[in-house]
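# Survey of secondary and tertiary structure
The chain contents come next:
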Amino acid sequence: MSLFAWLREIGLRLLSTLGLYNKKGTVVLLGLDNSGKSTLLHRLSQGQVTALQPTERPHIDEFQLGGVSFKAWDLGGHEAVRYLWFDFLSDSHAIVFMVDSADGERLEEAHWELSEMLSDANLDGVPVAVLYNKSDLPDAWPAEKLEGMLDLARLEARRPIKTFVTSVLKGEGYPDAFRWLGTHL
Ligand SMILES: Nc1nc2c(ncn2[C@@H]2O[C@H](COP(=O)(O)OP(=O)(O)OP(=O)(O)O)[C@@H](O)[C@H]2O)c(=O)[nH]1
Ligand SMILES: [Mg+2]
């Protein structure tokens, strides 16, 4: 990269961060059980990956990313507690929907939950970041295949929606997702 391009890049990043300065928002982390929601929030708020139990009770944590102050609700993804998702959606400005991209057998279930949730007209206009997590695993599906499986093109008409290939374990992909959400807050 030339010196000019490098300076331009730094300048643009600085401007964008300054533009977002003082922004804050509440997001809700949703997705099937075992997709990585709690691991993500723990990494974002505590800076490390730890072995965690499946989430039984909703909890909220805070972190800063790209000059934005986020509060994030972490909800259990197990079928028995999914009914709680709706209680927290009204309190949130954006949705992060996590998918275990290496669990092909549960993609249909993930698709159903996402479509069902977004069929609620109250969520029209609410930005959604879809995280294709566990990209570090050898069985992880490629993004194009996941895109089709989740039928995201159909959901795009009623909200800003963007996909991100992530590995919470390796620390990859999710910072871009929150930076993108920050621009929609
Ligand atoms: N290989 C890999 N494993 C991950 C990644 N993210 C999370 N995991 C693992 O996936 C498992 C489930 O993670 P959790 O964060 O507990 O999943 P969850 O979505 O909070 O699950 P529920 O609380 O049951 O809804 C754990 O063993 C994590 O270590 C990742 O990016 N790569
Ligand atoms: Mg959890």
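What counts, and where the lines are drawn
- Residues numbered from 1 in each chain as written.
- Chains lettered and ligands numbered in written order.
- Predicted model: local features only at pLDDT ≥ 70, side-chain atom pairs only at ≥ 80, totals over all residues.
- Helix = DSSP H or I, 4+ residues; strand = E, 2+ residues; numbered from the N terminus.
- Rg over C-alpha atoms; globule rule 2.2 N^0.38 Å.
- Pairing = 2+ DSSP bridges.
- Axes fitted to C-alpha atoms, helices over the stretch in contact; angles between N-to-C directions.
- Contact = placed C-beta atoms within 7 Å.
- UniProt positions renumbered as here; feature names shortened; annotations may be inferred.
- Near = placed C-beta within 6 Å.
- Nonpolar A, V, L, I, M, F, W, Y, C, P; charged D, E, K, R; others polar.

### A few points about the overall build of the protein
From N to C terminus, the protein includes seven helices and six strands. Each helix and strand of the protein, ordered N terminal to C terminal, gives the series α-β-α-β-β-α-β-α-β-α-α-β-α. A globule of 185 residues ought to have a C-alpha radius of gyration of about 16 Å, and the protein, at 16 Å, matches this closely. Along the first, second and third principal axes, the C-alpha set of the protein runs to 55 × 35 × 35 Å.

### A closer look at the sheet that holds strand S6 (residues 161-165)
Pairing in this open sheet of six strands is mixed, and the strands run S2-S3-S1-S4-S5-S6 from one edge to the other. Here the strands that pair on one side only, and so sit at the sheet edges, are strand S2 (59-65) and S6. Taking each pair of neighbouring strands and ignoring which way they run, the sheet shows an average axis angle of 25 degrees. Bridge count for strand S1 (residues 23-31) against strand S4 (residues 94-100) is five bridges, and the pairing is parallel. The residue bridging Gly-31 from the neighbouring strand is Met-98, located in S4. Contacting S1, S2, strand S3 (68-74) and S4, helix H2 (residues 37-46) runs over the sheet at an angle of about 50 degrees to S2. Helix H7 (residues 174-183) contacts S1, S2, S3, S4, strand S5 (128-133) and S6 of the sheet and is inclined by roughly 175 degrees relative to S5.

### Side note on the UniProt feature "binding site: Mg(2+)" (unreviewed entry) in the protein
Feature annotation in UniProt assigns "binding site: Mg(2+)" (unreviewed entry) to the following positions: Asp-33, Ser-38 and Thr-55. Considering the C-alpha atoms alone, the annotated residues occupy 23 residues of sequence yet fold into one spot, their largest mutual distance being 9.8 Å. On the secondary structure map, Ser-38 appears in helix H2. By the secondary structure assignment, Thr-55 is in the loop between H2 and S2.

### Re the site of ligand 1
Around ligand 1 sit 21 residues, and of these Asp-33, Gly-36, Thr-39, Thr-55 and Gly-77 come closest. At three residues, the largest contribution of residues to the shell around ligand 1 is made by H2. Residue classes in the shell around ligand 1 are distributed as five nonpolar, 12 polar and four charged.

### Considerations on the environment of Met-98
Residue placement: Met-98 occurs in strand S4. Along the backbone, Met-98 and Arg-179 are 81 residues apart, and their C-alpha atoms lie at a distance of 16 Å.

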